[in-house]
Amino acid sequence: MHLKNTIFTIVAITFLSLVGYAQEGKVIINQDERISELLELKKKMNKNETDSRRYKIQVYSGNRNGAKNAQNDFAEAFGQWRPVMHYETPNFKVWAGNFSTRLEADRALKKIKRKFPGAFIFKPKKK
């Protein structure tokens, strides 16, 4: 009797393990076609961050070490705006934001000036 139960258990486990891996799934995503168009448009807008129609805020201008420190401090204090370091002879500059309106930039500058009093708004020159 004990041998019968052992054999039955082994056969049952083998059968169940084979059946358990035979599952297949299919996922269908229904979304508006305009979502893809909007994503492509956003990619194009983000690609050209130095667009002269956009406003940025400069938080630092000086040597490389100071720029790196300012970039790290800014990223820690203001996570919503990505700081980027640029080199314009002879200085390293840290720029933040990509604001479409002057009003947006002014609101951000008000907050940023608390930690970086020398910060100012500008529009990047076309290259």
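Preceding block: the structure.
Residues numbered from 1 in each chain as written. Predicted model: local features only at pLDDT ≥ 70, side-chain atom pairs only at ≥ 80, totals over all residues. Heavy atoms only, no water.

*Asks:* Any chance you could explain the pattern of salt bridges here in plain terms?
*Replies:* Side-chain pairs of opposite charge can arise whenever the charged atoms involved come near each other. Scanning all chains against the criterion turns up 3 salt bridges. Across the pair aspartate 32 and arginine 34 runs a salt bridge, and its minimum N-O distance is 2.6 Å. One salt bridge in this structure joins aspartate 106 and arginine 102, with 3.2 Å as the shortest N-O distance. Highlighted residues: aspartate 106 and arginine 102, both in helix α4 (residues 102-112), separated by 4 residues, approximately one helical turn. (Salt bridge = Lys/Arg side-chain N within 4 Å of Asp/Glu carboxyl O. Helix = DSSP H or I, 4+ residues; strand = E, 2+ residues; numbered from the N terminus.)

*Asks:* Teacher, can you tell me more about unusual backbone geometry here?
*Replies:* Only a minority of non-glycine residues have a phi that is not negative, and only a minority of peptide bonds are not trans. A cis amide bond links threonine 89 with the next residue in sequence, proline 90, at an omega value of 5 degrees. By the element assignment, proline 90 lies in the loop between β2 (83-88) and β3 (91-99).

*Asks:* Mind showing me how you'd approach the sheet that holds β2 here?
*Replies:* In a beta sheet, neighbouring strands are held together by backbone hydrogen bonds and run either parallel or antiparallel to one another. Spatially, 4 strands are ordered β2-β3-β1-β4 in an open sheet, and the strand pairing comes out antiparallel. Edge positions in the sheet fall to β2 and β4 (120-122), since each has one partner strand and no second. Neighbour to neighbour, the strand axes of the sheet diverge by 40 degrees on average, direction disregarded. Pairing between β2 and β3: 6 bridges, direction antiparallel. By the bridge assignment, proline 83 is partnered in β3 with alanine 96. Relative to β2, helix α3 (residues 64-77) is tilted by about 160 degrees, and along the sheet it contacts β1 (55-62), β2 and β3. Along the sheet, α4 contacts β1, β3 and β4; its crossing angle with β1, the most-contacted strand, is approximately 35 degrees. (Pairing = 2+ DSSP bridges. Axes fitted to C-alpha atoms, helices over the stretch in contact; angles between N-to-C directions. Contact = heavy atoms within 4.5 Å.)

*Asks:* What is the right way to read α4 from this model?
*Replies:* Residue pairs spaced three or four apart in an α-helix point in one direction, given the helix's 3.6 residues per turn. Along α4, the residues that are buried comprise Ala105, Ala108, Leu109 and Ile112. One side of α4 holds all its buried residues, which, seen down the axis, span an arc of 105 degrees. Opposite the packed face of α4, turned more than 90 degrees from it, sit the exposed residues Arg107 and Lys110. Its buried side turned inward, α4 meets β1, α3, β3 and β4. (Buried < 20%, exposed > 50% of the residue type's maximum accessible area, 1.4 Å probe, protein only. Arc of directions from axis to C-beta.)

*Asks:* In this structure, what is going on with α3? I would like to understand it.
*Replies:* Given a rise of 1.5 Å per residue, 14 residues ought to cover 20 Å, and the 20 Å separating the end C-alpha atoms of α3 matches this to within 8%. Turning to α3, its buried residues number three or more, namely Gly66, Ala67, Ala70, Gln71 and Phe74. One side of α3 carries all its buried residues, which in axial view fall inside an arc of 135 degrees. Opposite the buried face of α3, at more than 90 degrees from it, the exposed residues are Asn65 and Glu76. Close packing links the buried residues of α3 with β1, β2, β3 and α4. Among the residues of α3, the N-terminal cap falls to asparagine 63, whose side-chain oxygen and the backbone nitrogen of asparagine 65 are separated by 3.2 Å. (Expected span 1.5 Å × (residues − 1). Polar contact = N/O pair within 3.5 Å; in protein donor to acceptor, adjacent residues only side chain to side chain.)

*Asks:* Would you mind going over the nonpolar core with me for this structure?
*Replies:* Across soluble globular proteins, you tend to see nonpolar side chains buried next to one another. Judged by nonpolar contacts, the single largest core of 19 residues is most densely connected at Ile57, Val59, Phe74, Trp81, Ile112 and Phe116. Those elements giving two or more residues to this core turn out to be β1, α3, β3 and α4. When neighbours within four sequence positions are excluded, isoleucine 57 is seen to be in contact with Val94, Trp95, Ala96, Phe99, Ala105, Ala108, Leu109, Ile112, Ala119, Phe120, Ile121 and Phe122. (Core = buried A, V, L, I, M, F, W, Y, C linked by side-chain atoms within 4.5 Å.)

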